[in-house]
Amino acid sequence: MAEVDARQSLLEALTEAALVASGGEVAAANSAARSLLGKDIDRQPVDRAISHPAALEALERPGTARGDGVELTGLGGSRRHWLMRIAELPDGALLIRFIDRSEARAAEQMRVDFVANASHELRTPLSTLIGYTETLRDQADEIDSGTRERFLSVVHDEARRMQRVVEDLISLSRIEAEKFTAPTDAIALEPLIEQALESERRAAEERGSCLIRDIPSGLPRISGDASQITQLLDNLLSNALRYGEPGTPVRVGARAEGAMVRLSVADEGEGIAAEHLARVTERFYRVDTGRSRSLGGTGLGLSIVKHIIERHRGRLQIDSQPGRGTTVIVLLPVAAELS
Ligand SMILES: Nc1ncnc2c1ncn2[C@@H]1O[C@H](COP(=O)(O)OP(=O)(O)O)[C@@H](O)[C@H]1O
Ligand SMILES: [Mg+2]
């Protein structure tokens, strides 16, 4: 009995789901294994307790799962991913462990998708460039000067688009590379907001939108990286102007809220439907790709914003009502300053 208790304690001490199989039956299991495989697995035949084809195959030939283990996809949920490892105990029983690989798998999938998306984003304008420059070269004699001008401006616009994508990709990878070192400079937010508003003023005028600022004096300084905060403000303001209804105002507010400064950028535009809201910070995710592209977007702006906020140990919240408008709220930590 003491031996059984010791075995149970050992199993519970493991962080992963684990069970001991003896004579083809589950002889013991920890609570993680019960929540993965079912609470009644004790004394069940192993091939019923672990009903997964790859697992059953491995159990018939336990040698295969001893070294690197066997990958199990879909056990306990379609998006779950496990590594099953089998070790033989001195008494001939088998210790079967399930190591959760779901997160690593999801991260790997994101990397793969990212490379595919980035390549696609660059390939499209590149094909246009090649097509137009070939025509300009091969049919130089037949093309009148007006057409040539038009072709050249297409070439220029597409090259600029590629440049924006590449610049955003470089930004993103720089910010990610620094994510474990939070910025420590104490910076004043107000001049950065003024500067960002100034650089969007032309775009706002063209759309007949006024930029309204609501910032009390004496706003505490934040702990931040000035150039990244500028980038964050530029991205949020350009989105508000881009997706806001022409002629309606864009409001920028900031105020202290406990140990944070709460920054908000609000527009009165088309808004973002609930099903898209959770995904707009993903790289290259857009609600309407054609529209974003035609407005000069790269699909990376909010992803950059999200990474900047993570590096600043801040918080991001996007409130949106389709047809009414969007408010992006950013919380940034107040700088720890000696007063
Ligand atoms: N203020 C906003 N109002 C409505 N939709 C928005 C707003 N900001 C972002 N979006 C949506 O989120 C998508 C992703 O934004 P972002 O990452 O900045 O990429 P981009 O603006 O380059 O398309 C946009 O394509 C747009 O569909
Ligand atoms: Mg954007």
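Predicted model, so just to flag it, every value in this text is computed and none were measured.

S.K.: Help me understand the packing of aromatic side chains in this model?
M.R.: The geometry of two aromatic rings is summed up by the distance between their centres and the angle between their planes. Throughout the structure, instances matching the rule amount to 2 aromatic pairs. When the centroid spacing of 6.1 Å and the interplanar angle of 25 degrees are considered together, the rings of Phe114 and Phe284 count as stacked. Placement of the pair is Phe114 in helix H5 (residues 102-138) and Phe284 in the loop between helix H9 (274-277) and helix H10 (289-294), with a sequence separation of 170 residues. The partly exposed category is assigned to Phe114, whose relative accessible area is 21%. A cation over an aromatic ring shows up here: Arg283 above the ring of Phe114, its NZ or CZ 4.4 Å from the ring centre.

S.K.: It is not clear to me how the sheet that holds strand E5 (residues 94-100) should be interpreted in this structure. Could you clarify?
M.R.: Either a parallel or an antiparallel arrangement is found when strands of a sheet pair, and the pairing is made through backbone hydrogen bonds. Spatially, the 5 strands line up as an open sheet ordered E2-E1-E5-E4-E3, and their pairing is antiparallel. The open sheet has two edge strands, strand E2 (25-29) and strand E3 (70-73), and neither has a second partner. Averaged over neighbouring strand pairs, the angle between their axes works out to 30 degrees when direction is ignored. The pairing of strand E4 (residues 81-88) with E5 spans 7 bridges and is antiparallel. Directly across from Met84, in E5, lies its bridge partner Phe98. Sitting on the sheet, helix H1 (residues 2-13) is in contact with strand E1 (17-22), E2 and E5, with an inclination near 75 degrees to E2.

S.K.: Could you clarify how one ought to interpret the pairing of E2 in this entry?
M.R.: Along any regular strand, the residues point their side chains to alternate faces of the sheet. By the criterion of burial, E2 is predominantly enclosed, with 4 of the 5 residues buried. With 4 bridges joining them, E1 and E2 adopt antiparallel strand pairing. Residue pairing in the sheet places Leu19 in a bridge with Ala29 of E2. In sequence, E1 turns back onto E2 through a hairpin of 2 residues, with Gly23 there showing a positive phi of about 55 degrees.

S.K.: Is there a simple way to think about the domain arrangement of the protein chain in this case?
M.R.: You'll often see interface size given as the accessible area lost when the parts meet. Taken domain by domain, the protein chain holds domain 1 (2-100), domain 2 (103-177) and domain 3 (181-339). If you look at the interface, domain 2 gives 14 residues, while domain 3 gives 14 residues. For the domain 2 and domain 3 pair, buried surface summed over both sides reaches about 1,400 Å², with 61% attributable to carbon and sulfur atoms. Applying the counting criterion to the domain 2 and domain 3 interface returns 3 salt bridges. At the surface where domain 2 touches domain 3, the tally comes to 7 residue pairs in polar contact (both at pLDDT 80 or more). Mapped onto the side of domain 2 that touches domain 3, the elements with two or more residues apiece are H5 and helix H6 (145-177). Residues of the side of domain 2 that touches domain 3, tallied by class, amount to 6 nonpolar, 3 polar and 5 charged.

S.K.: Explain the site of ligand 1 here, please?
M.R.: Around ligand 1, the surrounding shell holds 18 residues, and the nearest of these are Asp267, Ser292, Thr298, Gly299 and Leu302. Contact between ligand 1 and Asp267: a nitrogen atom at 2.8 Å from a side-chain N or O atom of the residue. Between Thr298 and ligand 1, the recorded distance is 2.8 Å, taken from a backbone N or O atom to an oxygen atom. Within the complex, the protein chains bury 96% of what would otherwise be the 530 Å² of accessible surface of ligand 1. Of the pockets mapped on this structure, ligand 1 occupies the largest pocket. No other element matches helix H8 (residues 226-243), which puts 3 residues into the shell around ligand 1. Of the residues that constitute the shell around ligand 1, the class distribution is 7 nonpolar, 8 polar and 3 charged.

What counts as what
- Residues numbered from 1 in each chain as written.
- Chains lettered and ligands numbered in written order.
- Predicted model: local features only at pLDDT ≥ 70, side-chain atom pairs only at ≥ 80, totals over all residues.
- Heavy atoms only, no water.
- Phe/Tyr/Trp six-rings, centres within 6.5 Å; stacked < 30°, edge-to-face > 60°.
- Helix = DSSP H or I, 4+ residues; strand = E, 2+ residues; numbered from the N terminus.
- Buried < 20%, exposed > 50% of the residue type's maximum accessible area, 1.4 Å probe, protein only.
- Lys NZ or Arg CZ within 6 Å of the ring centre and 35° of its normal.
- Pairing = 2+ DSSP bridges.
- Axes fitted to C-alpha atoms, helices over the stretch in contact; angles between N-to-C directions.
- Contact = heavy atoms within 4.5 Å.
- Domains from an automatic or database assignment.
- Buried area = accessible area lost by both parts, 1.4 Å probe.
- Salt bridge = Lys/Arg side-chain N within 4 Å of Asp/Glu carboxyl O.
- Polar contact = N/O pair within 3.5 Å; in protein donor to acceptor, adjacent residues only side chain to side chain.
- Nonpolar A, V, L, I, M, F, W, Y, C, P; charged D, E, K, R; others polar.
- Near = heavy atom within 4 Å.
- Areas by Shrake-Rupley, 256 points an atom, 1.4 Å probe, with all protein chains shown as cover.
- 1 Å grid on protein atoms, 1.4 Å probe; cavity = no way out; pocket = protein on both sides within 12 Å on 5 of 7 lines; lining within 4 Å.
- Sits in = over half its atoms within 2 Å of the grid points.

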